[in-house]
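Structural description and commentary
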Amino acid sequence: MYKRNEVVNGYTIIHKVGEGVYSNVYKCIKDNSYYAMKVYNKDNEKYEYSSAAQRENNVLMKLNNSQFFPRTYLQFINNGQIHIIQEFLNKNVEKHLETKTYGISIIKNIAIQLIHGLYYLNNCSRPIIHADLKPDNIIYHNGMVKIIDFSNSVYQDEYELDCLGIIKQFIISFYKNPEVPYLQARQYRAPEIILEIGYINKIDLWSIGCILVELFTGDMLFDTNNESDHIEMIYNLNGEDKDLWKYISPNILNKYYILDNGVYYYKKTYSISPNRTLESIIHNANTTNEDVSGFIEFLRCLFVINPMNRLSINELVHHPFITSVV
């Protein structure tokens, strides 16, 4: 933990601006310019922190030429801790939501930039999945979006599926269930992660949908820590996907589903209101009577429960909500 006015490698600490599992972030100054200094915690016995830092720095250096991500300047080690120096960015959208929500025109502008940011990630020489999109990892300032914090990001080819839905790197151990990484903040987690389907290529798109709804309503779309309730909320939002069970392993099916006449159905608890649909959520929050029809239609493309049927980022970048004038 650094204190105010402490000097680290020529950077003077101003104050701490954020903290997470792996690191702390400080606002600092050098040569009359402000920077963000991300300081990774010292290694635990599994070296998880240094590997996260190296992974993030490796990803960030690939993104320095894009406007949608923070500029990264330097990495160094001080007192056994990895430090990453980036451009300093103002408050994230989570801070904004503490006082007010966003209107459709601003949400549309944010959505356009988020989708183009993911398009850039998807079209890198090694496509990248952010895997932790949430409001505090989205900076919006002066009309510009920056996607931050790649400490949980993965390369798509690390978990790429073949046409049969088998994770390639685990083909040699096909007698075991494929290992699915622990990804995404719980409330922004895609159904394919909750249900351990093993297909992660489009999980960031689901998270963007959750974020955009929250920007409009001011409330988390899936504000629960209970996975059963979470799945039920997802089905109430969209309607149950009757074919999804075919992609789910037996242990997950037995936990959440019931077999009836050869078809699996989700075991509803009815602890969540079945009237909580996407349309009702958006319309109830639309206190200024904005035209939300295009917004809802775009969200429907993000909230497709079966990831195999969800539009790809290369398709979504051409969606009318993204291509039409703000």
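None of the values given here were measured: they were computed from a predicted structure.

1. Describing the pattern of salt bridges
Inspection of the entire model under this criterion finds eleven salt bridges. The shortest N-O distance in the salt bridge between Asp157 and Arg126 comes to 2.7 Å. With Asp157 in the loop between strand S10 (154-155) and helix H4 (191-194) and Arg126 in the loop between helix H3 (104-122) and strand S7 (128-129), this residue pair connects regions lying 31 residues apart in the sequence. Note on Asp157: relative accessible area 38%, which makes it partly exposed.

2. A few points about helix H6 (residues 227-238)
The end-to-end C-alpha distance of H6 is 17 Å, a good match for the 16 Å that twelve residues give at a rise of 1.5 Å each. Those residues of H6 not exposed but buried are His230, Ile231, Glu232, Met233, Ile234, Tyr235, Asn236 and Leu237. At the N-terminal boundary of H6, the capping side chain belongs to Asn226, with an oxygen 2.9 Å from the backbone nitrogen of Ser228. Just beyond H6, the residue with positive phi is Gly239, at close to 95°.

3. A word on the confidence of the model for the protein chain
Mean pLDDT over the protein chain stands at 88; residues scoring 70 or higher make up 90%. Counting interchain partners and residues more than four positions distant, the pLDDT-below-50 stretch residues 162-180 has 21 contacts.

4. Some remarks on the pairing of strand S8 (residues 138-141)
Where S8 meets strand S9 (residues 144-147), four bridges bridge the pair, whose relative direction is antiparallel. When the sheet's bridge partners are listed, His141 is paired in S9 with Met144. The loop that links S8 with its antiparallel partner S9 comprises two residues; one of these, Asn142, has a positive phi angle of about 50°.

5. Focus: the side chain of Asp204
On the secondary structure map, Asp204 appears in helix H5 (residues 203-217). Despite its burial, Asp204 pairs with no opposite charge; the closest candidate is Arg310, at 9.1 Å N-O. Among the polar contacts made by the side chain of Asp204, one reaches the main-chain amide nitrogen of Ala131 at a distance of 3.0 Å. With residues up to four places along the chain from it excluded, the contact list for Asp204 reads Leu118, Ile129, His130, Ala131, Asp132, Leu133 and Gln184.

6. Quick word on the packing of aromatic side chains
If you walk through the whole model with that rule in mind, you get 15 aromatic pairs. What links up through ring pairs into an aromatic cluster is the set Phe216, Phe295, Phe298 and Phe321. Positioned above the aromatic ring of Tyr11, the side-chain terminus of Lys30 is 4.6 Å from the ring centre. Of note, Lys108 hangs over the ring of Phe321, and the distance from its end group to the ring centre comes to 4.5 Å.

7. What about the nonpolar core?
Considering soluble globular proteins, one finds that nonpolar side chains tend to be buried as a cluster. Within the largest apolar cluster, 84 residues are counted, with the highest numbers of intra-cluster contacts made by Leu195, Leu212 and Tyr257. The leading source of residues in this core is H5, at ten residues. The contacts of Leu195, once residues within four sequence positions are left out, are Ile231, Tyr235, Leu244, Ile248, Ile252, Tyr256 and Tyr257. Tyr2, Tyr26, Met37 and Phe76 belong to the second largest nonpolar core, which has eleven residues in total.

Rules used throughout
Residues numbered from 1 in each chain as written. Predicted model: local features only at pLDDT ≥ 70, side-chain atom pairs only at ≥ 80, totals over all residues. Heavy atoms only, no water. Salt bridge = Lys/Arg side-chain N within 4 Å of Asp/Glu carboxyl O. Helix = DSSP H or I, 4+ residues; strand = E, 2+ residues; numbered from the N terminus. Buried < 20%, exposed > 50% of the residue type's maximum accessible area, 1.4 Å probe, protein only. Expected span 1.5 Å × (residues − 1). Polar contact = N/O pair within 3.5 Å; in protein donor to acceptor, adjacent residues only side chain to side chain. pLDDT = per-residue confidence, 0-100. Contact = heavy atoms within 4.5 Å. Pairing = 2+ DSSP bridges. Lys, Arg positive; Asp, Glu negative; His and termini not counted. Phe/Tyr/Trp six-rings, centres within 6.5 Å; stacked < 30°, edge-to-face > 60°. Lys NZ or Arg CZ within 6 Å of the ring centre and 35° of its normal. Core = buried A, V, L, I, M, F, W, Y, C linked by side-chain atoms within 4.5 Å.

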